[in-house]
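Report on the structure
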Amino acid sequence: MTGADSAVRDRYQAELAAEQDYVATLYVRLDQLRDEKRMQLSQVRRSGLQGSLQNQSERDAFATLYEDRLAQLSAVEDRLAFGRLDLDDDQTRYVGRIGLTDEEQQRLLVDWRAPEAASFYQATAFQRQSVRRRRHLLMSGRSVVGLEDDVLSETDADSYSTVSAALLSAVTARRTGQMGDIVATIQSEQDAIIRADLPGVHVVQGGPGTGKTAVALHRAAYLLYTHRERLASAGVLLVGPSQAFMNYIDQVLPSLGETGVVMSSLARLMPGIDAVPETSRRAAAIKGRLDMAEVIADAVADRQRLIAAKRRVTVEGTTLTVRPGQIRRARDKARATGKPHNQARATFVKIMVKKLAEQMEEILQDGSGGKNQADRSYLLEEVRQSREVRILLNLCWMPMTPEKLVSDLFSKPEFLARLAPQLSDDERQLLLRDPDAPMTESDVPLLDEAAELLGEYDVARAAQAGAEKRQRERDVENARAALDNVQQVLEDIGVGGSLDAETVADAQAVTPERRSAAERARSDRTWTFGHVVVDEAQELSPMQWRLLMRRCPMRSFTIVGDMAQASSAANNSSWGQILAPFVGERYTLNELTVNYRTPEKITSLATDVARGAGMTIATPEALRAGEHDPVVRTIAAPDLAEAVVEGIQTDGALSPGGLIGVIASTASYAAIHEKLAAVMPERLWTGGMARADRDVALVTAHQAKGLEYDAVILVEPHEMIDDADGVIGDLYVAMTRATQTLRVLASCPPAELPRGLRAVVIEED
């Protein structure tokens, strides 16, 4: 080693030690704040249910504040600080996951979302923004293990490496089965989208590996930080394509200091419903059409029925006549209220009960010769409780749940034929199913539409409300009796007359369970959010978009996706086509142009396959070429599962410690699962259990959307196209999940492989 090399090494080690000292002070402060919040929370909890209602409310508010802050402080342990800015005025700013100040309120760490941190992502040699040097701190636990500098000013000669090394280190790191944040390596084009203004619809178009999902998540965190006052109470909703995808990303936002975002797959957007996948793409396409909103509306109106002729009912031995005109007028008046079906039913019932009670009173009056003028107000209740009256009124206007309405629609052929005459016989046959069949993902928008038109119908909740009302009356009466007993004592101590029974009852009431805005939003279908983030948005049907637009009337959206990856039955061809029914042309389109995940050797093959099928796609520039060429093999069907096992062993050696994704066609899935479960049960993960250290994930092409693996073994590519009714999108997505290696295994002759794969050197067995 030369003297110059030794000097550089010594200088580097000195810088490394200095950065370690500073980062250590940050963690000391973090630990102090955690201890402080734990102590404050403990004190609040020890106070118990004491004092007035106002005092209890204040205590709960403080408890919520301390809990949220403690959760935030606990979530940022890893890579608390990751960057440093050296400015022209000799100031130094450290950038991290959250902002920290010392006890004198001197800033120690700048939150990555703060305006002062923007230059960490945006500054270039051509637009330095007063930045001389940008330093990346490479962390392991609480230790600084490396420094990488991006020199923007020629005056800074004493720097180490370049920013590309930090970025390459991040994109080539082994996958863990959970998405990591990119907060330390956000690139300029990504940062511009993340920091875009809140209002409006922002569409982010990006090919595989461009960081669309990461940008969407970081944007959610940025908006909550920047617009805290506006979004804290309304909240942010983040929607993804599947529960596997939601599990994959669920740690990103907490690591960015945010724990209040409501995250949901499309299947769980209806509270209380955990929908199953739709097995028929054609059925999904039919249910996704906008005209299904009219079908649901007609189905609700169909439950508000007339009678063709007079009907007779008996109430306490008196026969009453119900005329068609009475039912029609009551129905029209109930509809005129504009209330949802179940609430408007109360008006309908009230009108009919009153009419029948008046008729009954006339009959009784006539029977007495007009001499009996007794009060007959009780007749209303007798009519209301009459079994025959209740049956008739229910037949005319039945209370209904969304689940019952949708179930009836798809399980009764005559009902569906009457309400959806625009559908062909074949289309209606696709939708029919058993009445006890579970709700599917494409049913969710229909359930939401029905819930909007039906309104709340919850017998248990109504009974609970009645019980709570009666309990309140008993509590007030008990409090009044207690006050009567101690009235003289109260007057003697000077508080006579200052207490009433309601106040005493309030003081003794049990405080309801305290829930955050996110928890309340998650369980409330009618909740409207301040902003909605939609990932894999190219897959959504018009009815799914209608549901999401209802969740955000202000139309504040971040929409990310890639039209080239579209494989759903919605058959979307452009963002303009997708959004036109809801926002017209009032959206901005941003495009990500760099593929950070997939090596060029793999992306070029995937592009050839997609273009060979007639797709028009823009290919993002790959950040790296990759070390391994894709492998394509045709194998006899009986040997396919064994070839998967061999591939796992071979590719696992190329990516030691990495995550291997076996992406199988629907037809081949069972055989591959049986083989892997027998050979490597301790390594196999299919989503049905905690992944822990299982490093072989078996999924279908649809389930792989949005996920990534170090190595991908793709089984039966031609069948994946059949699974998607001839659409190439799922296969294109599956091929671009790999960060290191791609292996394609097929049992068909080479000539039957998708164009593009045929051109690759094929090893035939």
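Details of the structure are given in the entry above.
Presented here is an overview of the structure given in this document. Predicted model only: the values in this text are computed from it and were never measured. (Residues numbered from 1 in each chain as written. Predicted model: local features only at pLDDT ≥ 70, side-chain atom pairs only at ≥ 80, totals over all residues. Heavy atoms only, no water.)

What to know about the sheet that holds strand β1 (residues 81-87)
What links the strands of a sheet is backbone hydrogen bonding, and the strands pair in either a parallel or an antiparallel sense. Short version of the rule: Any two strands with at least two DSSP bridges between them are considered paired. Secondary structure elements follow DSSP: runs of H or I no shorter than four residues count as helices, runs of E no shorter than two count as strands, and numbering proceeds from the N terminus.
The sheet built from six strands is open, its strands ordered β3-β4-β2-β1-β5-β6 with mixed pairing. Edge strands, defined here as strands with exactly one partner in the open sheet, are β3 (100-101) and β6 (143-151). Across five bridges, β1 lies against strand β5 (residues 131-140) in antiparallel orientation. Among the inter-strand pairings, L85 is bridged to a residue of β5, identified as R134.

Comments concerning the pattern of salt bridges
For the record, the criterion: We define a salt bridge as a contact between a side-chain nitrogen of Lys or Arg and a carboxyl oxygen of Asp or Glu at a distance within 4 Å. Three labels apply to residues, based on accessible area from a 1.4 Å probe with only protein chains included: buried if under 20% of the type maximum, exposed if over 50%, partly exposed otherwise in between.
For the coordinates displayed, the defined rule picks out 46 salt bridges. A salt bridge links R79 to D78, with the nearest nitrogen and oxygen atoms 3.7 Å apart. In this structure, E449 engages R550 in a salt bridge whose closest nitrogen and oxygen atoms are separated by 2.8 Å. Taken as a pair, E449 in helix α19 (residues 444-454) and R550 in helix α24 (residues 542-551) lie far apart in primary sequence, 101 residues in all. This pair shows no difference in class: E449 is buried, exactly as R550 is.

Focus on unusual backbone geometry
One non-glycine residue, D90, lies in the positive phi region at around 70°. Taking relative accessible area as the criterion, D90 reaches 64% and is therefore assigned exposed. Phi is positive for S130, close to 70°, though the residue is something other than glycine. Topologically, S130 is positioned in the loop between α3 (118-122) and β5.

A word on the environment of C748
Put simply, the rule is: Residues are treated as being in contact if the distance between any of their heavy atoms lies within 4.5 Å.
By the element assignment, C748 lies in the loop between β22 (738-746) and β23 (762-764). As for C748 and A636, which are separated by 112 residues in sequence, their C-alpha atoms are 7.8 Å apart. Apart from residues lying up to four places away in sequence, C748 is in contact with T634, H718 and L753.

Details of the packing of aromatic side chains
The condition is simple: The pairing test for Phe, Tyr and Trp rings, Trp by its six-membered ring, is centres within 6.5 Å, and the orientation test on the planes gives stacked under 30 degrees, edge-to-face over 60, and tilted for anything in between.
Enumeration according to the criterion identifies four aromatic pairs in this entry. Geometrically, the ring pair formed by Y22 and Y94 is stacked, given 4.0 Å between the ring centres and 15° between the ring planes. Placement of Y22 in helix α1 (residues 3-46) and of Y94 in strand β2 (residues 92-96) is noted, with a sequence separation of 72 residues between them. Members of the aromatic cluster, connected to one another through ring pairs, are F82, F120 and Y121.

What about the sheet that holds strand β8 (residues 236-240)?
For the record, the criterion: Think of each axis as a best-fit line through the C-alpha atoms, taken over the contacting stretch in the case of a helix, with angles from 0 to 180 degrees between the N-to-C directions.
Judged by pairing direction, the sheet is parallel, and its six strands sit side by side in the order β9-β8-β12-β13-β7-β14 without closing on themselves. Strands at the two margins of the open sheet, each flanked by one partner only, are β9 (262-265) and β14 (588-592). Between one strand and the next, the sheet's axes are offset by a mean angle of 15°, whatever the strand orientation. Where strand β7 (residues 201-206) meets strand β13 (residues 557-561), five bridges bridge the pair, whose relative direction is parallel. From the neighbouring strand, H202 faces β13, where its bridge partner is T558.

As for the side chain of K37
If you trace the backbone, K37 turns up in helix α1. Overall, the relative accessible area of 16% leaves K37 in the buried class. For K37, the contacting residues outside a window of four places in its chain are Y66, R69, L70 and L73.

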